[in-house]
Each structure stands twice: as C-alpha cells, then as structure tokens.
Amino acid sequence: MNEVSIWTDGACKGNPGVGGWGALLRYGTHTKEIYGGELTTTNNRMELVAVIEALALLKRPCVVHIYTDSVYVQKGMAEWIHGWKQRNWRTASKKPVKNADLWQKLDQLCEQHQLQWHWVKGHAGDEGNERADQLANLGVEQIIA
C-alpha cells in the first residue's frame, strides 16, 4: 500500500464566522496543497472539512498518517466516534453529536484506508502544520475577497 502523510488545519474569523481549511499531502517526493472556505462556519467544522477533502483526493487504499493540531478531530476519531456510532450519533448524554454530517463523511472515508492519527502542537514549528495553517488562511482570504 502507498503511504501518504497529510497535515490539516482549519481557521475561522469569528466562531461562527468566515472559515477556511487547508491540507498538505505528501507521497514520496510528490506534494499537493489544497484549501477552501465557507462564509459562515465554525473552526471545528473547518478542521473536519480539511481532513475530509484531503482523504477524498486519494484514489486507492493507502496507509495514511494524519497530522492535526485539533484535539477535537484527533480525539473524535481515536476515542469518541465508536461510542457515537453505537448510540446512533448521540453523545453519552444522549444529545445529537455536533457536526454529525461531517463525522459521518469522515468515517466513511476512513474505512477505505489504514489511518494513523497524530496530534501536533499548533504554531510550534512543525513545518507541515505551519503550511496547513497558511493554506487554511488562504481559504478564508478567498471567501473574503
């Protein structure tokens, strides 16, 4: 299986507000950068969209290392999603899961690959994370422009 590394980030000016997402994908010597944005959204939604859009680009099953500075995304996929699915997309307190539409899309994409989730501290010098942050802000800029 091909091995791909993906760094993702989301940005929001106001929360909710104008938001952007960005992702840097690396496969061997190949690099791809993607970004986009939405007029009214939240930071958590943009963090999820970044991962969804990056995984959607993969054409075949891969071993994927996802690097995110979002505890929400990392813990959601590593810890919380199993319980949400068992409870029909409800939290332990029986409330609907926020952003369930995006969690469900992400879950479907993840089933196609072997994923390893890595949390990285944001704005701490991780080259991939810094670039994903820049891309997310480009996503905001394209909406504002």
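Since the model is a prediction, treat every value here as computed from it, not as a measurement. (Residues numbered from 1 in each chain as written. Predicted model: local features only at pLDDT ≥ 70, side-chain atom pairs only at ≥ 80, totals over all residues. Heavy atoms only, no water.)

### Examining the nonpolar core
- Leu 55, Trp 103, Leu 106 and Trp 117 are the most contacted members of the largest nonpolar core, which totals 32 residues.
- Of all elements in the fold, only strand S1 (2-14), strand S2 (17-27), helix H1 (43-56), strand S4 (62-68), helix H2 (71-86) and helix H3 (100-110) reach the threshold of two or more residues within this core.
- In terms of residues, this core owes the most to one element, H1, which gives eight residues.
- With sequence-adjacent residues up to four places away left out, Leu 55 is seen in contact with Ile 6, Val 64, Ile 66, Leu 106, Leu 109, Cys 110, His 113 and Leu 115. (Core = buried A, V, L, I, M, F, W, Y, C linked by side-chain atoms within 4.5 Å. Buried < 20%, exposed > 50% of the residue type's maximum accessible area, 1.4 Å probe, protein only. Helix = DSSP H or I, 4+ residues; strand = E, 2+ residues; numbered from the N terminus. Contact = heavy atoms within 4.5 Å.)

### Remarks on H3
- What H3 keeps buried is the set Ala 100, Leu 102, Trp 103, Leu 106, Asp 107, Leu 109 and Cys 110.
- Here the buried face of H3 lies against H1, H2 and strand S5 (114-119).

### Some details on the sheet that holds S4
- Across the sheet, five strands lie side by side as S3-S2-S1-S4-S5; this open sheet has mixed pairing. Every interior strand has two partners, whereas the edge strands, strand S3 (30-41) and S5, have only one. Strand-to-strand, the axes of this sheet are offset by a mean angle of 20°, without reference to chain direction.
- Both S1 and S2 contribute to a ladder of 10 bridges, which runs antiparallel. (Pairing = 2+ DSSP bridges. Axes fitted to C-alpha atoms, helices over the stretch in contact; angles between N-to-C directions.)

Purely spatial values, then, with no claim about function.
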